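# Report on the structure
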Amino acid sequence: MDLTKIKEILPTLENVEFQLEDGTWVPEHFHVTEVGQITKKFIDCGGVIRCEKVVNFQLWNADDYEHRLKPGKLLNIIKLSEEKLGLENAEIEVEYQSTTIGKYDLDFNGKNFVLKNKNTACLAQDACLNVKPKIKLSELQNSCCTPNSGCC
């Protein structure tokens, strides 16, 4: 989900609720402690330079059990971030800590926001520097080492 989409959804909600893909709920007293844009410039294993941008939301559970983030408040935080940080429309990545800090894609199931598990992957499978080319044994040319040649 990108920033434009969440801005369309928020005005239609009574509450902002996040749920992990396994059904576990983010406690309702969470805070959005950061909204920002992260730019990652890197080189993949195939030698290609890449640049990715995401809008980052960081969720945090506080001991403030009376706190409840309303949709209008989150929308105002997003608008302020766009104004002050020059936030661009991009996919949203959510940071949330369970046993460790996890990064999640964001989805919406019609009622709640869903933190979708992210996976690592090779971005250059066709040009990866560590991938050995596949060779059919039937295509190898005869070498000097043949049966009864004494080389093996």
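Residues numbered from 1 in each chain as written. Predicted model: local features only at pLDDT ≥ 70, side-chain atom pairs only at ≥ 80, totals over all residues. Heavy atoms only, no water.

## Describing the overall build of the chain
How we decide: Numbering of helices and strands runs from the N terminus, with a helix taken as a DSSP run of H or I at least four residues long and a strand as a DSSP run of E at least two residues long. For every residue, the accessible area (1.4 Å probe, protein chains only) is compared with the maximum for its type, and the residue is labelled buried under 20%, exposed over 50%, or partly exposed between those bounds. Any pair of residues with heavy atoms lying within 4.5 Å of one another is described as a contacting pair. Working definition of accessibility: Shrake-Rupley area with a 1.4 Å probe, residue cover restricted to the visible protein chains.
Along the chain, the regular secondary structure elements total 2 helices and 6 strands. Along the chain, from the amino end to the carboxyl end, the secondary structure elements read α-β-β-β-α-β-β-β. Within the chain, the fraction of its 152 residues that count as buried is 32%. Partitioning the intrachain contacts of the chain with sequence separation of at least 6 by distance along the chain shows that 67% fall at a separation of at least 24. When the accessible surface of the chain is totalled, it reaches about 10600 Å², and 49% of it is carbon and sulfur.

## Observations concerning the packing of aromatic side chains
Defined as follows: We call Phe, Tyr and Trp rings a pair once their centres come within 6.5 Å, taking the six-membered ring for Trp, and we label the pair stacked below 30 degrees between planes, edge-to-face above 60, and tilted otherwise. Either the NZ atom of lysine or the CZ atom of arginine qualifies as a charge over a ring when it sits within 6 Å of the ring centre and within 35 degrees of the ring normal.
This model, assessed by the stated rule, comprises 3 aromatic pairs. Taken together, the ring pairs in this structure connect F18, F30, F108 and F113 into an aromatic cluster. Just above the ring of F42 sits the side chain of K40; from NZ or CZ to the centre is 4.8 Å.

## Considerations on the nonpolar core
When a protein is soluble and globular, its nonpolar side chains tend to lie buried together. To keep it simple, the criterion reads: Side-chain atoms within 4.5 Å link the members of a nonpolar core, which is a set of buried Ala, Val, Leu, Ile, Met, Phe, Trp, Tyr and Cys residues.
Judged by nonpolar contacts, the single largest core of 29 residues is most densely connected at I6, F113 and L115. Elements represented by at least two residues in this core include exactly α1 (3–9), β1 (18–20), β2 (30–43), β3 (49–61), α2 (71–85), β4 (92–97), β5 (101–108) and β6 (113–117). In this structure, L115 is in contact with F18, Q19, L20, E21, V26, L59, V94, Y96, Y104, D105 and L106, ignoring residues within four places of it in sequence.

## Comments concerning the confidence of the model for the chain
Worth spelling out the cut-off: Per-residue confidence from the predictor is reported as pLDDT, which spans 0 to 100.
In this model, the chain carries a mean pLDDT of 87, and residues with pLDDT of at least 70 account for 84%. Looking across the chain, the model is least confident in β2, with a mean pLDDT of 94, and most confident in α1, with 98.

## Considerations on the state of the cysteines
Heads up, the condition is: When the sulfur atoms of two cysteines come within 2.5 Å, that pair is taken as a disulfide.
Following the criterion strictly, the structure yields 0 disulfides and no others. With no disulfide of its own, C122 lies closest to C45 among cysteine sulfurs, the gap being 3.4 Å.

## Things to note about the side chain of E93
By secondary structure assignment, the location of E93 is in strand β4. E93 gets classed as buried once you look at its relative accessible area, which sits at 9%. Beyond its immediate stretch of four places on either side in the chain, E93 contacts V54, V55, N56, F57, K103, Y104 and K118.

## Concerning the pairing of β5
Selection criterion: Two strands are said to pair when DSSP picks up at least two bridges between them.
With 5 bridges connecting them, β4 and β5 associate as antiparallel partners. For Y96, the partnering residue across the bridge sits in β5 and is G102. Linking β4 to β5, which pair antiparallel, is a turn of 3 residues. Across 5 bridges, β5 lies against β6 in antiparallel orientation. Along β6, the bridge assignment pairs Y104 with N117.

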